[in-house]
Amino acid sequence: MRLTMYTDFSLRMLIYLGAKEPGVLSTVQEISESYNLSKNHLTKVAHELGKLGLIETVRGRGGGIRLKVEPQNINVGSLVRKTEDDFQLVECFNSNTNRCILSPVCGLKSALHKALEAYFLVLDEYTIADFVVDKDKLASILFDQPL
């Protein structure tokens, strides 16, 4: 299973915002520069995270974005389910387009379903708070602040 860049960027943005002190605004530009990622891609991510109710946007001069939900309330498994659009690991996962001749007798589909379920069981154990425990070290990396 491979996450899309969109989901990766979503997780990174939430970690960045979670590493900030509560209520502190950040800009997409800051996040883009910190991670050396495309500002345009991150703008789309911020828009979607706003629509999901995870971040809030403050417009105008001195505006920016910040978490709307506490980091401990942002479940990673749930976020991945919302930001990924394709969990069809193999052709036979989609009954409308499946043309595999082995489908009637193949046990692989069942094993892959179990693997996908296990993948999400692990992700469901984590929240963004689990990844922003050491805010001092994160700040030294993300915000160019000394330890």
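Computed from a prediction, not measured in an experiment: that's the story for all the values here.

Trainee: Looking at this structure, I do not really get the overall build of the chain. What am I missing?
Mentor: Along the backbone of the chain there are six helices and two strands. Expected size for 147 residues packed as a compact globule is a radius of gyration near 15 Å; at 18 Å, the chain overshoots this value by more than 25%. By its C-alpha atoms, the chain is 60 × 30 × 25 Å across when sized along the principal axes. Sequence-distant contacts, at least 24 apart, represent 62% of the contacts inside the chain between residues at least 6 apart.

Trainee: Sorry if this is basic, but what is going on with the pairing of strand 1 (residues 55-58) here?
Mentor: For a regular strand, side chains alternate in direction, first toward one face of the sheet and then toward the other. Where strand 1 and strand 2 (residues 64-67) come together, four bridges link them in antiparallel fashion. Residue pairing for strand 2: V58 is matched across the bridge by G64. Connecting strand 1 to the next strand, strand 2, in antiparallel fashion are five residues, including G60 with a positive phi near 90 degrees.

Trainee: Where do I start with the packing of helix 1 (residues 5-19) against helix 4 (residues 76-83) in this structure?
Mentor: Geometry of a packed helix pair, given as the angle between the helix axes and the separation of the axes. Their axes nearest at 9 Å, the elements helix 1 and helix 4 cross at an angle of 140 degrees. With respect to their mutual orientation, helix 1 and helix 4 come out oblique. The element helix 1 and its partner helix 4 pack so that their crossing is right-handed. Taking contact as the criterion, the partners of Y6, T7, S10, L11 and L14 in helix 1 are, on helix 4, V76, L79, V80 and T83.

Trainee: Even after reading the chapter, I still don't get the pattern of salt bridges, so can you show me in this structure?
Mentor: Should the charged atoms of two oppositely charged side chains come close, the side chains can pair. One pass over the full model with this rule turns up five salt bridges. A salt bridge links K20 to E30; its shortest N-O distance comes to 4.0 Å. With K20 in the loop between helix 1 and helix 2 (28-35) and E30 in helix 2, the pair connects residues that are ten residues apart, well separated along the chain. With relative accessibility at 16%, the residue K20 sits in the buried group. Note that E56 is salt-bridged to R66, the shortest N-O span being 2.9 Å. Taken together, the positions of E56 in strand 1 and R66 in strand 2 put the pair ten residues apart, joining distant regions of the chain. Since its relative accessible area comes to 22%, R66 is described here as partly exposed.

Trainee: For this particular structure, what's the right way to read helix 6 (residues 135-142)?
Mentor: Of the residues making up helix 6, those classed as buried are L138, A139 and L142. The arc that holds every buried residue of helix 6, seen down its axis, measures 100 degrees, which confines them to one face. Facing away from the buried side of helix 6 by more than 90 degrees, the exposed set consists of D136 and I141. Next to the buried residues of helix 6 lie helix 1 and helix 2.

Trainee: Sorry, what's going on with a nonpolar patch on the surface here?
Mentor: Nonpolar side chains collect at one region of the surface, where V122, Y126 and F131 lie side by side and expose about 250 Å² of accessible area between them. Along the chain, the position of V122 falls in helix 5 (residues 108-123). Residue V122 is classed as partly exposed on the basis of its relative accessible area, which comes to 44%.

Trainee: Please clarify how the nonpolar core should be interpreted in this entry.
Mentor: Grouped burial of nonpolar side chains is what soluble globular proteins tend to show. Counting 33 residues, the largest nonpolar core has M13, L14, L17, I31, L49, I55 and I65 as the members making the most contacts within it. With eight residues, the single largest contributor to this core is helix 1. Excluding its chain neighbours within four sequence positions, the residues that come into contact with I31 are M13, Y16, L17, S26, L42 and I65.

Trainee: Looking at this structure, how should I read the environment of I65?
Mentor: Tracing the chain through its elements places I65 in strand 2. For the pair formed by I65 and T27, sequence separation is 38 residues and the distance between their alpha carbons is 6.0 Å. Excluding residues within four positions of it along the chain, I65 makes contact with M13, L17, V24, L25, S26, V28, I31, A46, I55, E56 and T57.

Thresholds, definitions, all that
- Residues numbered from 1 in each chain as written.
- Predicted model: local features only at pLDDT ≥ 70, side-chain atom pairs only at ≥ 80, totals over all residues.
- Heavy atoms only, no water.
- Helix = DSSP H or I, 4+ residues; strand = E, 2+ residues; numbered from the N terminus.
- Rg over C-alpha atoms; globule rule 2.2 N^0.38 Å.
- Contact = heavy atoms within 4.5 Å.
- Pairing = 2+ DSSP bridges.
- Axes fitted to C-alpha atoms, helices over the stretch in contact; angles between N-to-C directions.
- Parallel < 35°, antiparallel > 145°, perpendicular 65-115°, else oblique.
- Left-handed = near helix turned anticlockwise from the far one by under 90°.
- Salt bridge = Lys/Arg side-chain N within 4 Å of Asp/Glu carboxyl O.
- Buried < 20%, exposed > 50% of the residue type's maximum accessible area, 1.4 Å probe, protein only.
- Arc of directions from axis to C-beta.
- Patch = residues over 30% accessible without salt bridge, like charges linked within 9 Å, V, L, I, M, F, W, Y side chains within 5 Å.
- Areas by Shrake-Rupley, 256 points an atom, 1.4 Å probe, with all protein chains shown as cover.
- Core = buried A, V, L, I, M, F, W, Y, C linked by side-chain atoms within 4.5 Å.

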